[in-house]
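Residues per chain, in single letters:
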Amino acid sequence: MPPFPRLEDAVGFADDHLVALVDEGLGNSAYLLDLGDGRALAVDSGRDLRALRAAAERRGLTVAYAADTHLHADFLSGAVQLGHDLGARILASAAGRRAFAHRALADGAEVDLGGLALRALATPGHTDEHLSLLLLDGSRKLGVFTGGSLIVNSAARTDLLGTDRTEELARAQYRSLKRLTELPDETAVRPTHGAGAFCSAPPGTERTTTIGAQEQADPLLAALDEDTFMAQLIASLGTYPAYFDRLGEINRHGPAVLDAQPALPALAAQQVRALIADGAHVVDARPAADHAAGHIPGSLSIPLRGQFATWLGWLLPDTAPLAFVVNDDQDLNEIVWPAYKIGYEHLAGRLTGGMEAWLADGNAQATTAFLTADRAVGRPYVDVRQEAEFAAGHVPGAVHIELGALNESADDAPTSPVVARGHGERAMTAASLLERAGHTDIAVLDGYTAAHGRQLAQGTEDTRS
């Protein structure tokens with residue numbers, strides 16, 4: 001195969017050969033590496049393979065290898081699907097004890113990719129069996145796929161295997177990062193977790209870097225010793241979606257192979273009503289303003305956007321059927337694939353004709369008010385942002401309940417609340433959860449900071465009564 005260019009800046013080590021496939025919603029990056037002879041290596045690909053397939057097709061590539069750096073908790077791996085569809089050879093950690101055919105890599109193992117090589121480096125911490133994958137051109141280190149180990153200006157979280165193991169894994173993460181910093185400064189770092197990923201601790205903004213840059217910029221690498229590193233890492237951990245507790249084991253056994261494009265069948269209003277009676281959940285994927293104007297009582301508002309899968313998996317079980325309310329101009333694939341990539345496959349369908357059809361069938365609808373700050377005077381606020389967001393500034397006296405905890409903590413919310421959030425999507429989701437829990441006269445704040453004309457408070461005092 002043609003040799004890789006010898007670049008002074010290793011961040012560009014494979015700019016002509018490497019395609020980063022960014023999932024903005026989950027905050028992750030997969031990679032497609034052109035091996036130079038019509039074959040390609042896929043690293044940490046998710047179950048939604050549309051972007052990877054398109055990138056491979058544009059370059060005339062067939063995926064010959066599918067490597068996973070670790071047992072992902074935030075998405076289902078696409079490696080098994082690539083093995084089924086293309087005969088790709090799956091590369092993964094031997095310590096992961098995966099229950100499907102793969103080449104099990106121990107620390108130091110090398111895979112000949114046909115001119116290039118991939119060396120496995122055991123880097124536990126984010127998970128027990130985590131590998132970083134060092135790409136080699138002879139003796140030259142082109143870059144390293146670090147998965148959930150070293151990420152830009154941080155390291156991935158270490159609490160996904162239970163709080164009783166968080167400290168142990170944080171110490172392992174310290175040693176893994178130190179091992180990675182032994183690579184040459186110019187070595188390009190290609191993490192999986194990046195901006196917006198709940199696996200990041202804390203989430204950052206950049207997606208790629210170099211070893212040398214991280215030695216200068218990563219505050220965790222600046223920790224004086226292992227104890228300090230551990231304390232800093234653990235202090236940065238926020239909450240994470242409930243489905244993270246399930247996906248690692250599904251990935252260990254291998255997600256089910258999909259033989260056809262998942263679909264979202266059309267449902268008449270009577271069918272949706274029958275599904276609700278049988279315990280199905282209705283997800284309203286329309287914009288927040290549309291849900292506010294009129295929605296199926298008890299439906300959960302999750303406006304369709306990049307974070308759709310995150311909130312679907314955080315707030316609803318994966319066992320009950322789901323029916324959806326959508327607008328005609330919304331892409332159904334952007335509902336189906338985000339659901340499937342986190343293991344939500346009980347998709348009953350979508351309401352044909354939307355709310356007009358629902359009302360025409362004689363069914364009731366509910367509404368939610370948007371209130372400007374001057375109309376919300378005297379009403380209690382519920383702030384559903386993450387703890388760090390709340391601490392940075394909130395309406396004085398607001399009750400803080402993170403959105404992910406609202407299902408279990410709805411009773412802690414005051415009556416007739418105004419749900420406050422910088423953007424309407426999370427606030428409307430919270431309002432719909434409170435409605436489902438029996439709260440009435442719920443409103444969503446229209447505008448947050450300057451609009452309410454009140455001095456924001458800081459800190460994380462307990463504001464629940």
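Draft legend 1. Region of the structure containing the packing of aromatic side chains. Under the definition given, this model contains seven aromatic pairs. An angle of 20 degrees between the planes, with centres 5.5 Å apart, marks the rings of Tyr-240 and Phe-244 as stacked. This pair shows no difference in class: Tyr-240 is buried, exactly as Phe-244 is. Grouping aromatic residues by their ring pairs yields a cluster made of Tyr-240, Tyr-243 and Phe-244.

Draft legend 2. Representation of the nonpolar core. Judged by nonpolar contacts, the single largest core of 52 residues is most densely connected at Phe-308, Leu-312, Phe-324, Leu-347, Leu-403, Leu-406 and Val-419. Elements with a minimum of two residues in this core: helix H6 (244-253), helix H8 (288-293), helix H9 (308-315), strand S19 (322-325), helix H10 (333-341) and helix H14 (424-436). With residues near it in sequence (within four places) discarded, Phe-308 still touches Val-283, Ala-285, Ile-302, Pro-303, Phe-324, Glu-334, Ile-335 and Pro-338. If you look at the next biggest cluster of nonpolar residues, it comprises 21 residues, including Leu-18, Leu-33, Ala-67 and Val-111.

Draft legend 3. Representation of helix H1 (residues 50-59) within the structure. Among the residues making up H1, those that are buried are Leu-52, Ala-55 and Ala-56. Along the axis of H1, the buried positions cluster into a sector of 95 degrees, meaning they face one direction only. Opposite the packed face of H1, turned more than 90 degrees from it, sit the exposed residues Glu-57 and Arg-58. Those residues of H1 that are buried lie in contact with strand S1 (18-23), strand S2 (28-34), strand S3 (39-43), strand S4 (62-67) and helix H2 (79-86). Just beyond H1, the residue with positive phi is Gly-60, at close to 70 degrees.

Draft legend 4. Structural view of helix H5 (residues 226-235). Among the residues of H5, those classed as buried are Phe-229, Met-230 and Leu-233. Seen end-on, H5 carries its buried residues on one side only, within an arc spanning 95 degrees. Near the N-terminus of H5, the side chain that reaches the backbone nitrogen of Asp-227, with its oxygen 3.3 Å away, is that of Asp-225.

Draft legend 5. Region of the structure containing the sheet that holds strand S6 (residues 103-105). Taken in spatial order, the six strands of this open sheet run S1-S2-S3-S4-S5-S6, and their pairing is mixed. Looking at the sheet topology across the chains shown, the edges are occupied by S1 and S6. Across the sheet, the mean angle separating the axes of adjacent strands is 20 degrees when strand polarity is ignored. Strand direction decides the pairing type here: S4 and strand S5 (residues 89-93), joined by three bridges, are parallel.

Draft legend 6. Molecular detail of the packing of helix H3 (residues 166-180) against H5. It is at 9 Å that the axes of H3 and H5 come closest, and there the two elements cross at 115 degrees. Once H3 is placed against H5, the crossing between them reads as right-handed. Two secondary-structure elements touch here, H3 through Thr-166, Glu-167, Ala-170, Arg-171, Gln-173, Tyr-174, Arg-175 and Leu-177 and H5 through Glu-226, Asp-227, Phe-229, Met-230, Leu-233 and Ile-234. For the contact of H3 with H5, the per-class residue count stands at seven nonpolar, two polar and five charged.

Draft legend 7. Up close: the pairing of strand S10 (residues 140-147). Burial of S10 is extensive: seven of the eight residues sit out of reach of the surface. Examined bridge by bridge, strand S9 (residues 131-137) and S10 share five bridges and lie antiparallel to one another. The residue of S10 that forms the bridge with Leu-133 is Phe-145. Two successive antiparallel strands, S9 and S10, enclose a turn made up of two residues, where Gly-138 displays a positive phi of approximately 70 degrees. Where S10 lies against strand S13 (residues 188-191), four bridges are found, and the strand directions are parallel. Bridge pairing in S13 places Phe-145 opposite Arg-190.

Draft legend 8. Representation of the pattern of salt bridges in the model. As enumerated under the stated definition, the model contains 25 salt bridges in all. Measuring nitrogen to oxygen at the nearest pair gives 2.7 Å for the salt bridge that ties Glu-249 to Arg-252. One end of the pair, Glu-249, and the other, Arg-252, are both in helix H6, three residues apart, so they sit about a helical turn from each other. Between Glu-389 and Arg-426 there is a salt bridge whose closest N-O contact spans 3.0 Å. Taken together, the residues span a long stretch of sequence, with Glu-389 in helix H12 (residues 387-392) and Arg-426 in helix H14 at a distance of 37 residues. Given the relative accessible area of 24%, Glu-389 is considered partly exposed. We classify Arg-426 as buried; its relative accessible area is 11%.

The rules we used
- Residues numbered from 1 in each chain as written.
- Predicted model: local features only at pLDDT ≥ 70, side-chain atom pairs only at ≥ 80, totals over all residues.
- Heavy atoms only, no water.
- Phe/Tyr/Trp six-rings, centres within 6.5 Å; stacked < 30°, edge-to-face > 60°.
- Buried < 20%, exposed > 50% of the residue type's maximum accessible area, 1.4 Å probe, protein only.
- Core = buried A, V, L, I, M, F, W, Y, C linked by side-chain atoms within 4.5 Å.
- Helix = DSSP H or I, 4+ residues; strand = E, 2+ residues; numbered from the N terminus.
- Contact = heavy atoms within 4.5 Å.
- Arc of directions from axis to C-beta.
- Polar contact = N/O pair within 3.5 Å; in protein donor to acceptor, adjacent residues only side chain to side chain.
- Pairing = 2+ DSSP bridges.
- Axes fitted to C-alpha atoms, helices over the stretch in contact; angles between N-to-C directions.
- Left-handed = near helix turned anticlockwise from the far one by under 90°.
- Nonpolar A, V, L, I, M, F, W, Y, C, P; charged D, E, K, R; others polar.
- Salt bridge = Lys/Arg side-chain N within 4 Å of Asp/Glu carboxyl O.

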